[in-house]
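Read off the chains here:
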Amino acid sequence: MAERVRRLGKVAVLLGGRAAEREVSLNSGRAVLEALLRCGVDAQPLDPAEDGLETLISGGFDRAFIVLHGRGGEDGQIQGALETIGLPYTGSGVMGSALGMDKYRTKLVWAGAGLPTADSVVLRAAEDLSMAEALGFPLMIKPAHEGSSIGMARVETADALEQAWRAAAEFDALVLAERWIRGAELTCAVLGREALPMIRLETPNIFYDYDAKYRATTTRYHCPSGLDEAIERKLRQLALDAFDVVGASGWGRVDMMLDESGQPHLLEINTVPGMTDHSLVPMAARAAGIDFDALVMRILEASLEHG
């Protein structure tokens, strides 16, 4: 362990930021920082909302552990900055991060590669709402560049559609209207080249929204998922394929639905998922026999491949 820690050097844990997911990022970052310190790593927190690149450059850091959720941290911006100053970092590179953060273009890439994803249209103006209505109700409305279900809503009427679009547009000029999929909601964590055990999500809420993720005590997480072994194996491979097609690497999470006929539909990818001890990636890792500290170390050690 001492040699492993020595090779990692001084680590900046990037957390917080200015995105809508700032509070979630702070919680994830603190959990990661504490795990690194328990493992003997020389790690320090750094919040880009308060400290600029100058701090990274002058701080004598050898690498960065990115735990910034949402814009500015998960969209290629911080990755590009770190590339510019030559500091190795965890997770996906500039392209995989930027594409993965864009739900609309991610779906285009998946569809182009022949991977299954829910039908959708992009809404930029009120004139586009008729295209969404043509998909048929109910619909899921979501900002194209937000995470944690921020700005998302299920709609069943034209009036509700317009209201949900306007609400989502306050977060993002690009809004998706996606055909509602009835069935099991699943997520698959990816660690390196391995798809971890899948988690099946159940919530009494209309969907797995911000409240179900971070506040409710009624959300149920099934890991093992309860799926037939052969079906889960195929879905894990689908998650790996979806991860690769987007150009993601290192670690992340792929969300999907399994409809009532048993057909999968990819929803989105997360290249910097939540990392508190009750988040989904740590949950899947535990099911694979990887505790939280070991998970954090594996994510960080992957950055050694980049410098």
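Because the structure is predicted, anything quoted here is derived from the model rather than measured.

**Topic: the sheet that holds strand E1 (residues 10-14)**
Part 1 of the reasoning: If you walk across this open sheet you meet the three strands as E2-E1-E3, and the pairing is parallel. Two strands close off the open sheet at either side, each with one partner strand: strand E2 (42-46) and strand E3 (63-66). Across the sheet, the mean angle separating the axes of adjacent strands is 30° when strand polarity is ignored.
Part 2 of the reasoning: Here five bridges tie E1 to E2, and the two strands are oriented parallel to one another. In the sheet register, Leu14 faces E2, and the bridge partner there is Leu46.
Part 3 of the reasoning: Contacting E1 and E3, helix H4 (residues 77-85) crosses the sheet at an angle of about 175° to E3.

**Digging into the environment of Gly114**
Part 1 of the reasoning: Within the secondary structure, Gly114 sits in the loop between helix H6 (103-112) and strand E4 (120-123).
Part 2 of the reasoning: Note on Gly114: relative accessible area 60%, which makes it exposed.
Part 3 of the reasoning: When the C-alpha positions of Gly114 and Leu33 are compared, they lie 39 Å apart, and in sequence the two are 81 residues distant.

**Structural notes on the UniProt feature "binding site: Mg(2+) 1" (unreviewed entry) in the chain**
Part 1 of the reasoning: Listed under "binding site: Mg(2+) 1" (unreviewed entry) in the UniProt record, and renumbered for this structure, are Asp255 and Glu268.
Part 2 of the reasoning: The residue Asp255 is located in strand E12 (residues 251-259) in this model.
Part 3 of the reasoning: Beyond its immediate sequence surroundings of up to four residues, Asp255 is in contact with Leu186, Thr187, Leu266, Leu267, Glu268 and Asn270.
Part 4 of the reasoning: A polar side-chain atom of Asp255 sits 3.1 Å from a polar atom in the side chain of Arg253.
Part 5 of the reasoning: With respect to the helices and strands, the residue Glu268 is situated in strand E13 (residues 264-270).
Part 6 of the reasoning: Residues within four places of Glu268 in sequence aside, it is in contact with Lys103, Trp110, Lys142, Arg253, Val254 and Asp255.

**Concerning the domain arrangement of the chain**
Part 1 of the reasoning: In terms of domain boundaries, the chain breaks down into domain 1 (1-90), domain 2 (100-115 + 182-293) and domain 3 (120-179).
Part 2 of the reasoning: The straight-line distance from the C-alpha centre of domain 1 to that of domain 3 is 33 Å.

**Quick look at the side chain of Ser28**
Part 1 of the reasoning: Looking at the secondary structure, you find Ser28 in helix H2 (residues 22-38).
Part 2 of the reasoning: Beyond its immediate sequence surroundings of up to four residues, Ser28 is in contact with Val67, His69, Gly274, Met275 and Thr276.

**Details of the packing of aromatic side chains**
Part 1 of the reasoning: Summed over the entire model, instances satisfying the criterion amount to zero aromatic pairs.
Part 2 of the reasoning: The side chain of Arg154 reaches across the aromatic face of Trp180, ending 4.5 Å from its centre.

**Section: the nonpolar core**
Part 1 of the reasoning: Counting 46 residues, the largest nonpolar core has Leu14, Leu36, Val41, Phe65, Leu82 and Met275 as the members making the most contacts within it.
Part 2 of the reasoning: No other element matches helix H12 (residues 292-301), which puts six residues into this core.
Part 3 of the reasoning: Both of domain 1 (1-90) and domain 2 (100-115 + 182-293) provide at least three residues apiece to this core.
Part 4 of the reasoning: When neighbours within four sequence positions are excluded, Leu14 is seen to be in contact with Leu46, Leu56, Ala64, Phe65, Ile66, Val67, Leu68, Ile78 and Leu82.
Part 5 of the reasoning: Within the second largest apolar cluster, 21 residues are counted, among which are Ala195, Ala242, Val254 and Leu266.

**With respect to the packing of H6 against helix H10 (residues 229-246)**
Part 1 of the reasoning: The geometry of H6 relative to H10 is characterised by a closest axis approach of 10 Å and an angle of 110° between their N-to-C directions. With respect to each other, H6 and H10 are oriented roughly perpendicular. Crossing of H6 over H10 shows right-handed handedness. Of the residues in H10, those touching H6 at Thr106, Val109 and Trp110 are Ala242, Val245 and Val246.
Part 2 of the reasoning: Residues belonging to the contact of H6 with H10 are distributed by class as follows: five nonpolar, one polar and no charged.

Procedures and definitions
Residues numbered from 1 in each chain as written. Predicted model: local features only at pLDDT ≥ 70, side-chain atom pairs only at ≥ 80, totals over all residues. Heavy atoms only, no water. Pairing = 2+ DSSP bridges. Helix = DSSP H or I, 4+ residues; strand = E, 2+ residues; numbered from the N terminus. Axes fitted to C-alpha atoms, helices over the stretch in contact; angles between N-to-C directions. Contact = heavy atoms within 4.5 Å. Buried < 20%, exposed > 50% of the residue type's maximum accessible area, 1.4 Å probe, protein only. UniProt positions renumbered as here; feature names shortened; annotations may be inferred. Polar contact = N/O pair within 3.5 Å; in protein donor to acceptor, adjacent residues only side chain to side chain. Domains from an automatic or database assignment. Phe/Tyr/Trp six-rings, centres within 6.5 Å; stacked < 30°, edge-to-face > 60°. Lys NZ or Arg CZ within 6 Å of the ring centre and 35° of its normal. Core = buried A, V, L, I, M, F, W, Y, C linked by side-chain atoms within 4.5 Å. Parallel < 35°, antiparallel > 145°, perpendicular 65-115°, else oblique. Left-handed = near helix turned anticlockwise from the far one by under 90°. Nonpolar A, V, L, I, M, F, W, Y, C, P; charged D, E, K, R; others polar.

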